[in-house]
Amino acid sequence: MVKKIFLLLFLLNISYSYAQTIKTDILVIGGGASGTAAAIQGARSKLKTMLVEPGPWLGGGMTAGGMCVIEGNRNLPSGIWGEFRSHVRDFYKNRLGYDTTVNATLRFEPYTGAAILKKIVDTVKNLTVKLNTPWTAIEKDGTSWQVTIIIDHKNTTVKAKVVIDATETGDVAAKAGETFVSGFESAQDTGEELAPQTTLPRIQDITWIALLKDFGKKEDKTIAKPQGYDANEYACLKGKNISKMLDDGRLPNDKFMIKWAGCGNQYPTTVDDLKPAHRDAFYAKARLHTLGLIYYLQTELGFKNLGLDDEFPTPDHLPFIPYIREAERTRGVLRMTLNDVYKPYDRPTNLYRTAIAVGDASPGQHYGEGTAPHINYPPFMAYSIPLGAIVLKDMDNLLVTEKAMSVSHLVNASSMYPSVQMTVGQGAGAIAAFCAFFKTTTKKLNVRIIQGELLDFKAYLLPFSDIKQSDPYFRSMQQVGATGLLKGIQKVNGNTAQLLFMPDSVVSTAEVEPSFKEIYTRAFLWFNKEKPGEKFTQGNLLSFISEITLTDPKTLQIGMQKAWKAQYKFTSDFDMNRPVTRREFAILTNKYLNPFARTVDLSGRMVN
């Protein structure tokens, strides 16, 4: 009898221990824009994935933080970001006045955005999502990681091959022992002409956004006077066009996102304020400041009909979290700077070849007046984010997204944007899946396999805004662009600039000769022998293909002539003497020569 009791207790103990340990391939901590996308991609890549979010909603700053008017990446519907954008537009398309233009600013109610993300993740196999689940510790476990989370008020151990820190402020990497930098770097440090001459420990302010609803002119929704209210803090709003400011944040169903700079609800922030030990007290002050703005809007500016509704089930009906623009940044395998944005093809390294995400969000500058230098950004280029910017230099199999990425202060002003971070998260998910599937570490990444996985799931590598995903040869042009054979063409449009592929323009010999010689050793012989003219012709391309693939030239020409319009759907006539277009070049080069198969390292250098 005693033996049976001991056996029962032993089995119960084993069962209890087993229940307290979870094994997964990928663990994503933080269910914000990047974390949600990372988890979706990891699971879609057929790896067991777990997403842990301390709060009740997915989406981070753009849902739980109320940042629900999204302008960045309107022309770049990459992968999961494009999927989310499409779901939002479909949800609201029958609402009177909702702008469903392909590249319109995306506007949605935060609860709806969070619900759409939840609906997407619920359809993904291999993915477990744990909301309202905090984490408390992380430690190395060989090449893997061991993380403590709290489920039902009990500590639970999660053992993961790869961990993605998708928290807003890099908390996981910090707990793991990563070192950080913060604020403005100097021009000498980054090589950025726009950076100040000396470092400055100043980060961008947070905003505790508010969502107000118009209840009708006769309604009085004035809130109680907030603790410590001082009308002078908001006095600069007098004389401003408040109606226009409201309209800029207009949402469906008579709601408005209030995210006002200056003496609005922007709140002065330091790195120390965002540390876990100080965060709660700091957040309480920021919430009161936003409540003060609402009270001022209602009592001093006459908008008592605008009030807080139950969008957020918090005691004060403000968002769960603030909109955070900047925190501390990690030291990754490499650091992305403004030079990689403005001069991607004129750098000692070719980081565009290692691209795993895209962005075009205009950089923000949210500081108290006189507390930081104003940066006169030239028209901001659409850009790619290199793989090495989210891979930690000294910690294997721990990836970072959000504000902890290895970018300069001036780049973070754009890369932190929610829609950009969704593309970053998808890239992180693909990297994690690679490591887990091949049982390897972040020190042995294969850039091309990771990029190929992203292209399989409709992600952009290069921000070519003139090539749509519906184009049957979208992948060909992305892959050839990632080799450098055809480089994007920058086109300024007001305060921003697009990177275009320009598929109908013709190819010059000077453009393709250096990369051909870098990729193919036989190219030196071919160029010395053929000496092509200024414009690279269809005949030149077929001759080069014949040289590299050892295909009979006449056989290749006959087959190409038959397939020119029937298979490839080219609109121009087949003519060996005509200059080849960039579209034709990309499609044929990708098919017959496959330059994308050439391995590159994390600096973008071709390796054997």
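Rules behind the numbers
- Residues numbered from 1 in each chain as written.
- Predicted model: local features only at pLDDT ≥ 70, side-chain atom pairs only at ≥ 80, totals over all residues.
- Heavy atoms only, no water.
- Helix = DSSP H or I, 4+ residues; strand = E, 2+ residues; numbered from the N terminus.
- Rg over C-alpha atoms; globule rule 2.2 N^0.38 Å.
- Buried < 20%, exposed > 50% of the residue type's maximum accessible area, 1.4 Å probe, protein only.
- Contact = heavy atoms within 4.5 Å.
- Areas by Shrake-Rupley, 256 points an atom, 1.4 Å probe, with all protein chains shown as cover.
- Pairing = 2+ DSSP bridges.
- Axes fitted to C-alpha atoms, helices over the stretch in contact; angles between N-to-C directions.
- Expected span 1.5 Å × (residues − 1).
- Bend = angle between axes of the 7 residues up to and from the residue.
- Phe/Tyr/Trp six-rings, centres within 6.5 Å; stacked < 30°, edge-to-face > 60°.
- Lys NZ or Arg CZ within 6 Å of the ring centre and 35° of its normal.
- Lys, Arg positive; Asp, Glu negative; His and termini not counted.
- Salt bridge = Lys/Arg side-chain N within 4 Å of Asp/Glu carboxyl O.
- Polar contact = N/O pair within 3.5 Å; in protein donor to acceptor, adjacent residues only side chain to side chain.
- Core = buried A, V, L, I, M, F, W, Y, C linked by side-chain atoms within 4.5 Å.
- Arc of directions from axis to C-beta.
- pLDDT = per-residue confidence, 0-100.
- Disulfide = S-S within 2.5 Å.

1. Focus: the overall build of the protein chain
And step 1. A count of helical and extended segments in the protein chain gives 18 helices and 22 strands.
And step 2. Radius of gyration (C-alpha) of the protein chain: 27 Å, near the 25 Å computed for a compact globule of 608 residues.
And step 3. By principal-axis analysis of the C-alpha atoms, the protein chain measures approximately 85 × 85 × 55 Å.
And step 4. Split into buried and exposed, the 608 residues of the protein chain put 58% on the buried side.
And step 5. Within the protein chain, counting contacts between residues at least 6 apart in sequence, those at least 24 apart form 74% of the total.
And step 6. Of the roughly 26,200 Å² of accessible surface on the protein chain, a fraction of 52% belongs to carbon and sulfur atoms.

2. Brief notes about the sheet that holds strand β13 (residues 255-258)
And step 1. One open sheet holds the 4 strands; their spatial order is β12-β13-β11-β15, and the pairing between them is antiparallel. Looking at strand neighbours, the two that pair on one side only are β12 (250-251) and β15 (306-308), the edges of this open sheet.
And step 2. With 3 bridges connecting them, strand β11 (residues 210-214) and β15 associate as antiparallel partners. Looking across to β15, one finds that Asp214 is bridged to Leu306.
And step 3. The strands that helix α8 (residues 276-299) touches are β11, β13 and β15; relative to β15, the one it contacts most, it runs at about 155°.

3. Overview of the sheet that holds strand β22 (residues 496-500)
And step 1. Judged by pairing direction, the sheet is mixed, and its 3 strands sit side by side in the order β18-β22-β21 without closing on themselves. Each of the sheet's edge strands pairs with one partner strand only, and the pair in question is β18 (380-381) and β21 (489-493).
And step 2. As judged from the 2 bridges shared by β18 and β22, these two strands associate in the parallel manner. Within β22, the position partnered with Phe380 by the bridge is Thr496.

4. Describing helix α17 (residues 553-566)
And step 1. Along its 14 residues, α17 runs 20 Å from first to last C-alpha, staying within 8% of the 20 Å computed at 1.5 Å per residue.
And step 2. Maximal helix bending in α17 amounts to about 25°, located at Met560.
And step 3. Regarding α17, the residues found buried are Leu556, Met560, Ala563 and Trp564.
And step 4. Residues of α17 that are buried make contact with α16 (538-549) and α18 (582-592).

5. Things to note about the packing of aromatic side chains
And step 1. Taken as a whole and assessed by the stated rule, the structure comprises 37 aromatic pairs.
And step 2. Ring centres of Phe282 and Tyr283 lie 6.1 Å apart, and the angle between their planes is 45°; this geometry places the pair in the tilted category. Here the two residues Phe282 and Tyr283 agree in accessibility, since each one is buried.
And step 3. On the basis of an interplanar angle of 50° and a centroid distance of 6.2 Å, the ring pair of Phe527 and Phe544 is categorised as tilted. Taken together, the residues span a long stretch of sequence, with Phe527 in helix α15 (residues 523-530) and Phe544 in helix α16 at a distance of 17 residues. Of the two residues examined, Phe527 and Phe544, each falls in the buried class.
And step 4. Among the aromatic residues, those joined into a cluster by ring pairs are Phe516, Tyr520, Trp526, Phe527, Phe536, Phe544 and Phe585.
And step 5. Its guanidinium or amino end placed over the ring of Phe215, Lys221 lies 4.5 Å from that ring's centre, counting from NZ or CZ.

6. Remarks on the side chain of Arg448
And step 1. When you line up the elements, Arg448 lands in helix α12 (residues 447-456).
And step 2. Glu518 provides the closest opposite charge to the buried, salt-bridge-free Arg448, at an N-O distance of 9.0 Å.
And step 3. Among the polar contacts listed, one links the side chain of Arg448 to the backbone oxygen of Arg353, at a separation of 2.9 Å.
And step 4. At 2.7 Å, the side chain of Arg448 forms a polar contact with the side chain of Gln451.

7. Topic: the nonpolar core
And step 1. Counting residues in hydrophobic clusters, the biggest one holds 140 residues, and the most contacted among them are Phe84, Phe516, Phe536 and Phe585.
And step 2. Tallying contributions element by element places helix α11 (residues 418-437) first for this core, with 11 residues.
And step 3. Those residues in contact with Phe536 that sit more than four places away from it in its chain are Val507, Ser508, Thr509, Val512, Phe516, Trp526, Phe527, Leu541, Pro579, Val580 and Phe585.
And step 4. The next biggest cluster of nonpolar side chains, apart from the first, holds 34 residues, and it includes Leu212, Ile242, Phe256 and Leu318.

8. Looking at helix α14 (residues 509-519)
Two residues of an α-helix separated by three or four positions point the same way, owing to the 3.6 residues in each turn.
And step 1. Those residues of α14 not exposed but buried are Thr509, Glu511, Val512, Ser515, Phe516 and Ile519. Projected down its long axis, α14 carries its buried residues within an arc of 150°, all on one side. In α14, the exposed positions angled more than 90 degrees off the buried face are occupied by Ala510 and Pro514.

9. Observations regarding the side chain of Arg329
And step 1. With respect to the helices and strands, the residue Arg329 is situated in strand β16 (residues 329-330).
And step 2. What makes Arg329 buried here is its relative accessible area of 0%.
And step 3. At a separation of 2.9 Å, a polar atom in the side chain of Arg329 contacts the main-chain carbonyl oxygen of Val407.

10. Observations concerning the pattern of salt bridges
And step 1. On inspection of all chains with the given rule, the structure shows 30 salt bridges.
And step 2. The salt bridge involving Glu511 is made with Arg582; its shortest N-O contact spans 2.7 Å. In this pair, Glu511 is assigned in helix α14 and Arg582 in helix α18, connecting sequence segments 71 residues apart.
And step 3. For the salt bridge of Lys565 with Asp573, the shortest nitrogen-to-oxygen distance reads 2.8 Å.
And step 4. According to the relative accessible area criterion, Lys565 is partly exposed, its value standing at 40%.
And step 5. Look at Asp573 and you get exposed, because its relative accessible area is 52%.
And step 6. Each of Glu109, Lys255, Asp309 and Glu311 takes part in one network of salt bridges that share partners.

11. So, the confidence of the model for the protein chain
And step 1. Mean pLDDT over the protein chain: 95, with 97% of residues reaching 70 or higher.
And step 2. Predicted confidence is poor over residues 14-19, with pLDDT under 50, and the contacts of this stretch with residues over four places away or in other chains come to 0 contacts.

12. Considerations on the state of the cysteines
And step 1. With the rule as written, the count across this model stands at 1 disulfide.
And step 2. The disulfide partner of Cys236 is Cys263, and the gap between their sulfur atoms is 1.8 Å. Note on the Cys236 and Cys263 pair: the S-S dihedral is about -100°, so by sign convention the disulfide is left-handed. Here Cys263 lies in the loop between β13 and β14 (266-267) and Cys236 lies in the loop between β11 and α7 (242-248), a separation of 27 residues in the sequence.
And step 3. The partly exposed category is assigned to Cys236, whose relative accessible area is 39%.

13. Description of the pairing of β21
And step 1. Both β21 and β22 contribute to a ladder of 5 bridges, which runs antiparallel. Counted as the bridge partner of Lys491 is Gln498 from β22.
And step 2. Counted between consecutive antiparallel strands, the loop separating β21 from β22 contains 2 residues, among which Gly494 sits at a positive phi close to 70°.

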